[in-house]
Amino acid sequence: MLKSNLRFDPRFALFDICMQKIKNSFHQLLERCKAQSTREFLARGKSVIRCDRCQLATFACICDWQPQLNCDAEFVLLLHRDEVFKPTNTGRLIADLFPSQTHAYCWSRTEPEQALMDLLNDKTRQCFIVYPANLTDLEAKPRKIFLEIPANEKLKTFILLDATWKQSGRMYHLSRWLENVPCIALPEGSLRGYAVRKSHQDNYLSTAEAASLCLQMVNDKKNSEILLDYFQLFNEHYLATRGCYPPVLGEVHQRLSAIKSQI
Ligand SMILES: [Zn+2]
C-alpha cells in the first residue's frame, strides 16, 4: 500500500472551497427531501459524525478526492425516496463526478416532475432506461430494447432506477409515464469493485457500476474508469466508516488526486 500525504494540498484549497458551495442535483434533491420529511431517517451507525456532502464519517470523507468532470452522456437518477437518505446510495457518486450531466429526481408513480417529463420528451435526446436485469423475465408489456447505442447525434441520456432491487422492479412496472422509453441492455462482463449491498440477483449492479457501463457503451472509457475508481474509493471508505478505522490510502487515491490536479 502506498503511504502518501494526499489529504491536503494547499494549491487546491481555494478551488475546493469554491466548489464546495456548488451543490449538484443530488444534494439539491436531498435538501428538498429533508425539508419535506416529517420523520428523521435513522441510518445505521447514526452516532457517527458524518460529512454533509459524502455522508461518510468525517475521518473517512472522500470529498478531497472528488474530481468534477464532464462526460459524453447524461444521466437521470430516478431515486426511490428512501434511497435519497441512504449513506450506501451510489447514484450520488455519478452526480459528484459529473454534476453538469446528472439530473436527480424522486420517483413518483403518478406525478413525475414536469422538468423530468420535459427531459424525457426532449427531441434532441435519446433516452434509455437502464435496467440491468433479465428483461425478458420481467416484461409484461414488451418494449424496445437496445443492445448497443444507436449511431445518431442525439444526446444519449441514461435513466437509472436508483432503489433496492424490489423497489426498482415496482418503479419500472408501475410508471405509465415511462412506458414509451426504450431500455438499454448493459453488456455482460465483469466489473472490478464490489457492491456494498449484495443482492440475491447475480446480475445486480450498483447504480454507479451501471453508469460506468453506460459510459463504456458510449466509448467514454476514461470517465468510465474514473467512475469505477471513485466507486472503489467510496466502498473502501464506507467500510472504514462502518468499521471505525481510518481508510488506508492506496493507488486509487493517487489516481484520483492526479486527475483532480489536472483540472
Ligand atoms: Zn465528504
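Above: the structure in question.
Here is a short report on the structure shown in this document. (Residues numbered from 1 in each chain as written. Predicted model: local features only at pLDDT ≥ 70, side-chain atom pairs only at ≥ 80, totals over all residues. Heavy atoms only, no water.)

**Looking at the overall build of the protein chain**
Going by this rule: Where helices and strands are cited, they refer to DSSP runs of H or I of at least four residues and of E of at least two residues respectively, numbered from the N terminus. For every residue, the accessible area obtained with a 1.4 Å probe (protein chains only) is divided by the maximum for its type, and the residue is called buried under 20%, exposed over 50%, and partly exposed between those limits. Note on areas: Shrake-Rupley with a 1.4 Å probe; residue coverage comes only from the protein chains shown.
A count of helices and strands for the protein chain gives 10 helices and 6 strands. Out of the 263 residues in the protein chain, the part that is buried amounts to 52%. Here the protein chain displays about 13800 Å² of accessible surface, and carbon together with sulfur accounts for 52% of that area.

**What to know about the sheet that holds strand E5 (residues 155-162)**
Where we set the bar: Whether two strands pair depends on DSSP finding at least two bridges between them. Should any heavy atoms of two residues lie within 4.5 Å, those residues are counted as being in contact. Fitted lines through C-alpha atoms serve as axes, helices being fitted only where they are in contact, and the angles separating the N-to-C directions of these axes extend from 0 to 180 degrees.
Strand order across the open sheet formed by 6 strands is E2-E1-E5-E3-E6-E4, with parallel pairing between neighbours. The open sheet is flanked by strand E2 (102-106) and strand E4 (145-146), the only strands paired with a single partner. Summarising the sheet, strand E3 (residues 125-130) and E5 pair through 6 bridges and their orientation is parallel. Across the sheet, Val130 pairs through a bridge with Leu160, a residue of E5. Set on the sheet, helix H2 (residues 25-36) makes contact with strand E1 (74-79) and E2; between it and E2 the angle comes to about 20°. Helix-sheet contacts for helix H7 (residues 165-174) involve E1, E3, E5 and strand E6 (183-184), and the interaxial angle to E5 is about 125°.

**Re the coordination of the zinc ion**
Threshold: Coordinating donors are taken to be N, O and S atoms lying within 2.8 Å of the metal, or within 3.2 Å when the metal is Na, K or Ca; because water is excluded from the atom set, some sites may appear incomplete. The rule is simple: four donors are tetrahedral if all their angles sit between 85 and 135 degrees, four are square planar and six octahedral if opposite donors span more than 155 degrees and the others lie between 65 and 115, and anything that fits none of that is irregular.
At the metal site, the zinc ion is ligated by Cys51 (SG), Cys54 (SG), Cys61 (SG) and Cys63 (SG), and these contacts range over 2.3 to 2.4 Å. In this structure, the zinc ion is surrounded by 4 donor atoms whose angles at the metal cover 101 to 116°, and the resulting shape is tetrahedral. In the primary structure, the donors to the zinc ion are separated according to the pattern C-x2-C-x6-C-x1-C. Taken individually, Cys54 and Cys63 each receive the classification buried, so the pair is uniform in this respect.

**Quick notes on the side chain of Thr207**
Within the secondary structure layout, Thr207 lies in helix H8 (residues 207-217). Residue classification places Thr207 among the buried positions, given a relative accessible area of 10%. Residue contacts for Thr207: discarding those within four places in its chain leaves Leu77, Thr90, Gly91, Ile94, Leu160 and Asp162.

**Topic: the packing of aromatic side chains**
What counts is decided by this rule: Between rings of Phe, Tyr and Trp, where Trp is taken as its six-membered ring, a pair exists when centres lie within 6.5 Å; planes separated by under 30 degrees are stacked, by over 60 edge-to-face, and by other angles tilted.
Taken as a whole, this structure holds 4 aromatic pairs when the rule is applied. Through successive ring pairs, a cluster of aromatic residues spans Phe75, Phe128, Phe146 and Phe158.

**Thoughts on the pattern of salt bridges**
Our working definition: Throughout this description, the term salt bridge denotes a Lys or Arg side-chain nitrogen within 4 Å of a carboxyl oxygen of Asp or Glu.
Scanning the entire structure with this criterion turns up 8 salt bridges. Between Glu83 and Lys86 there is a salt bridge, and its shortest N-O distance comes to 3.5 Å. Here the two residues Glu83 and Lys86 agree in accessibility, since each one is buried. Salt bridges sharing common partners tie together Glu74, Asp122 and Arg125.

**Re the packing of helix H9 (residues 221-243) against helix H10 (residues 251-262)**
As a reminder, the rule being used: By definition in this entry, angles of less than 35 degrees are roughly parallel, angles greater than 145 are roughly antiparallel, angles of 65 to 115 are roughly perpendicular, and the rest are oblique. Whether a crossing is left-handed or right-handed is set by the direction in which the near helix is turned from the far one by less than a right angle, anticlockwise for left-handed and clockwise for right-handed. Residue classes follow a fixed rule: Ala, Val, Leu, Ile, Met, Phe, Trp, Tyr, Cys and Pro count as nonpolar, while Asp, Glu, Lys and Arg count as charged, and any other residue, Gly among them, counts as polar.
The interhelical angle for the contact between H9 and H10, taken along N-to-C directions, is 130°, at an axis separation of 10 Å. What the angle tells us is that H9 and H10 run oblique. H9 and H10 meet at a crossing whose hand is left-handed. Only Val252, His253, Arg255, Leu256 and Ile259 of H10 make contact with H9, whose side of the interface consists of Ile226, Asp229, Tyr230, Gln232, Leu233, Glu236 and His237. Taken together, the residues that form the contact of H9 with H10 break down as 6 nonpolar, 3 polar and 3 charged.

Distances and angles like these do not, on their own, reveal function.
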